[in-house]
Amino acid sequence: MAYLLQLNFPTPISSYTIIPKTPNPIFSFHHTLPFSTSILSSLSQPKSSISLPRRSLSCSIPQFSATELSGTTADDDDDELLLPDELDNEVDYSDEDDDVDVVALEQEAKEVALEYSTSLSRVLTIEEERSNGKETGKNSKRSKPKKKIIPDNLLPRIAIVGRPNVGKSALFNRLVGGNKAIVVDEPGVTRDRLYGRSYWGDHEFMVVDTGGVITVSKSQSTVMEELDISTTIGMDGIPLASREAAVARMPSMIEKQAIAAVEESPVIIFLVDGQAGLTAADVEIADWLRKNYSNKSIILAVNKCESPRKRIMQVSEFWSLGFEPIPISAISGSGTGELLDLVCSGIQKVEEPNNILEEEDYVPAISIVGRPNVGKSSILNALVGEDRTIVSPISGTTRDAIDTEFTAPDGQFHLIDTAGIRKRTAVASAGSTTEALSVNRAFRAIRRSDVVALVIEAMACITEQDYKIAERIEKEGKGCVIVVNKWDTIPNKNQQTALFYEQDVREKLRLLNWAPIVYSTALAGQSVDKIIVAASEVEKERSRRLGTSILNQVVGEAVTFKPPPRTRSGKRGRVYYCTQAAIRPPTFVFFVNDAKLFPETYRRFMEKQLRSNAGFPGTPIRLLWRSRKKMEKDEGKKVTRTKENRAPHRRKLISATK
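Residues numbered from 1 in each chain as written. Predicted model: local features only at pLDDT ≥ 70, side-chain atom pairs only at ≥ 80, totals over all residues. Heavy atoms only, no water.

Trainee: Where do I start with the packing of aromatic side chains in this structure?
Mentor: In this description, a pair of aromatic rings is defined by centroid distance and the angle of the planes. Applying the stated rule across the entire model yields nine aromatic pairs. Seen in terms of ring centroids, tyrosine 602 and phenylalanine 605 are 5.4 Å apart; in terms of plane orientation they differ by 45°. Their pairing is tilted. Residue tyrosine 602 and its partner phenylalanine 605 are located together in helix 17 (residues 600-614), separated by three residues, close to a single helical turn. Across this residue pair, the class does not change: tyrosine 602 and phenylalanine 605 are buried. One aromatic cluster is present, formed by Phe590, Phe598, Tyr602, Phe605 and Trp625 through successive ring pairs. The residue whose ring lies beneath arginine 472 is phenylalanine 443, and the NZ or CZ to ring-centre distance is 4.6 Å. In this arrangement the basic side chain of lysine 562 is found over the ring face of phenylalanine 605, its NZ or CZ atom lying 4.9 Å from the centre. (Phe/Tyr/Trp six-rings, centres within 6.5 Å; stacked < 30°, edge-to-face > 60°. Helix = DSSP H or I, 4+ residues; strand = E, 2+ residues; numbered from the N terminus. Buried < 20%, exposed > 50% of the residue type's maximum accessible area, 1.4 Å probe, protein only. Lys NZ or Arg CZ within 6 Å of the ring centre and 35° of its normal.)

Right under this line is the structure:
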């Protein structure tokens with residue numbers, strides 16, 4: 001086949017045309033683009049070539065002048081039509097795969113994405129264990145039941161109440177399985193209500209862990225000691241009188257949470273300490289339950305009865321409370337079977353609704369994270385419309401990760417309130433095991449969430465710790481909404497204030513430059529609904545799948561606009577195929593000739609092009625680069641390609657590239 005290459009050289013050179021002389025040509029191409037004037041000097045050189053952008057054509061030309069060239073036949077190898085990528089980096093076809101098997105590449109891309117996600121999760125888990133250490137307390141490793149069908153809000157509640165440090169959280173972990181609640185040999189660790197799904201036989205129910213009820217009048221110093229309250233850490237700028245008032249209100253706020261749990265539960269587990277014996281606080285709680293909740297099933301469980309010989313003596317003195325005591329051990333699990341039998345006898349079995357499908361069981365989880373005292377619990381309470389968690393100026397009020405089901409106009413969501421995350425050095429210097437475990441719970445909440453609401457305080461702006469949390473969110477691959485809380489504290493606001501503030505946030509949190517920003521005042525309930533709206537949009541983008549044809553078109557245009565840089569040896573990276581291998585987060589696998597030929601700067605450029613052309617706001621995207629495998633040589637002999645079998649091979653490459 002013969003071609004005529006017509007080059008028009010006005011000043012400057014502006015266009016070229018390749019016209020085939022035979023009918024029904026394989027290639028027909030016309031393109032116009034500016035040529036650099038430096039190309040004029042190379043036109044008179046023998047065996048010179050013109051390299052054109054991707055998706056265009058180039059011809060090797062023996063000799064020509066700047067006025068006209070009549071292309072001849074394709075008998076000479078020098079005049080053969082080549083792909084633009086082959087001109088940039090000539091390859092040996094004996095080592096290249098003959099066909100581009102799209103189905104195989106799609107399957108390989110899924111395997112690559114799964115391998116990357118698994119390895120990353122393993123690394124993050126190891127880092128978390130090293131930084132936080134192993135948690136105290138042993139918990140049962142109960143096998144999980146079948147996939148849940150019944151929503152949590154339809155299951156009956158079982159509340160665990162008692163005075164501080166009797167083992168309520170240890171029993172909670174025993175019943176739900178795992179280490180969901182923080183268990184430390186300190187009083188006052190649990191403060192908010194903590195829910196966990198449990199089962200026994202054919203019964204399923206929700207267990208509610210509560211804080212210790214302090215009903216006996218005590219001095220403020222004793223309360224602070226029992227609840228492990230500090231009036232100094234994280235309370236800078238708060239007057240001493242306000243700190244003392246907050247400490248005085250803490251017991252009543254914890255009791256309010258416990259009362260809310262008892263009100264919604266048909267069965268109440270009243271837990272006492274068998275080793276400490278009967279106390280005045282146990283008597284007062286028993287009288288309170290008997291007086292106000294006689295219509296409910298109340299089970300008296302005597303904890304810490306590990307010894308079979310001593311348990312009879314430990315239990316005997318609790319008969320005076322008016323309930324039949326049951327000896328149990330939350331640590332070893334002894335007696336919990338009899339306890340669960342009594343629990344199930346007091347509740348009705350909930351049948352699976354017929355109108356709920358397993359495919360519709362997915363509920364997006366939104367975790368609320370940030371430094372201490374930025375308003376995380378206030379945001380949760382404003383969203384659900386009730387005092388779900390304790391709000392106090394006392395730093396570290398929230399300790400466990402508090403899970404709450406929330407129904408919004410856009411659908412059902414799972415909200416997770418977390419403890420404030422301080423610097424690792426500050427946590428270590430404080431020497432508080434409880435705080436270290438609380439930070440561990442916060443990081444776990446990020447891992448099991450879909451979207452993270454990173455809360456920052458408006459007046460404090462961005463700190464180094466905010467950047468560290470942002471790094472963790474990006475590394476975990478979670479969607480993110482930046483929430484600027486306490487926006488009402490910014491003085492003299494005008495129309496430009498939010499714009500300037502956003503510029504400052506984008507500059508200091510460059511890792512999350514794709515995250516939307518919401519301004520709110522949680523205590524007044526202003527704009528908190530915008531957080532859910534933004535999180536819903538982020539979750540949709542995080543679950544969006546981009547068509548392969550559109551994706552390859554975007555990648556092709558990006559490569560045309562900015563080809564990969566050459567190495568010193570003259571090699572250049574080539575993109576054969578690109579596909580989206582996974583969602584949540586969107587993961588794209590690039591099949592290239594050599595992944596090492598794509599530096600980090602070019603990979604960031606490609607990510608920027610994907611975002612500008614395909615969207616994905618509010619979610620990180622992962623770009624994985626896979627070097628193309630070499631085909632095995634046929635019987636150990638080098639395959640020699642001829643002119644006849646070269647063209648079909650290249651046509652397949654073009655179709656795959658497009």
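Additional details are given in the paragraphs that follow.
Trainee: Any chance you could explain the sheet that holds strand 14 (residues 411-417) here in plain terms?
Mentor: Hydrogen bonds between backbone atoms are what pair the strands of a sheet, whose relative direction is either parallel or antiparallel. Pairing is mixed across the open sheet formed by six strands, whose spatial order is 13-14-12-15-16-17. The open sheet terminates on both sides in strands that have one partner only, identified here as strand 13 (402-408) and strand 17 (517-519). Recorded for the sheet is a direction-independent mean angle of 25° between the axes of neighbouring strands. The pairing of strand 16 (residues 479-485) with strand 17 spans three bridges and is classified as parallel. If you follow isoleucine 482 over to strand 17, its bridge partner there is isoleucine 517. Contacts from helix 13 (residues 464-476) reach strand 12 (365-370), strand 15 (451-457) and strand 16 within the one sheet, and its direction differs from that of strand 15 by about 175°. (Pairing = 2+ DSSP bridges. Axes fitted to C-alpha atoms, helices over the stretch in contact; angles between N-to-C directions. Contact = heavy atoms within 4.5 Å.)

Trainee: What is the right way to look at helix 9 (residues 336-345) in this model?
Mentor: Turn by turn, an α-helix covers 3.6 residues, leaving residues three or four places apart pointing in a common direction. Every buried residue of helix 9 is listed here: Thr336, Gly337, Leu339, Leu340, Val343 and Cys344. Axial view of helix 9: buried residues confined to an arc of 155°, hence all on one face. Along its buried surface, helix 9 packs onto strand 6 (157-161), helix 4 (168-176), strand 7 (194-200), strand 8 (203-209), strand 9 (267-273) and strand 10 (297-303). (Arc of directions from axis to C-beta.)

Trainee: When you look at the pattern of salt bridges in this model, what are you seeing that I'm missing?
Mentor: Oppositely charged side chains can form a pair if their charged atoms are brought close together. For the coordinates displayed, the defined rule picks out 21 salt bridges. Arginine 193 is the salt-bridge partner of glutamate 386, the closest N and O atoms lying 3.7 Å from each other. Here arginine 193 lies in the loop between helix 4 and strand 7 and glutamate 386 lies in the loop between helix 10 (376-384) and strand 13, a separation of 193 residues in the sequence. Its relative accessible area of 43% is what places glutamate 386 among the partly exposed residues. Here the residues in one salt-bridge network are Arg447, Arg472 and Glu476, joined through shared partners. (Salt bridge = Lys/Arg side-chain N within 4 Å of Asp/Glu carboxyl O.)

Trainee: Is there a simple way to think about unusual backbone geometry in this case?
Mentor: Across the chain, the bulk of peptide bonds are trans and the bulk of non-glycine residues have phi less than zero. Backbone torsion omega between arginine 584 and proline 585 reads 0°, so that peptide bond is classified as cis. Structurally, proline 585 is set in the loop between strand 18 (575-582) and strand 19 (587-592). Positive phi, close to 65°, is recorded for lysine 304, a residue that is not glycine. Along the chain, the position of lysine 304 falls in the loop between strand 10 and helix 8 (311-316). For lysine 486, which is not glycine, the phi torsion reads 60° and is therefore positive.

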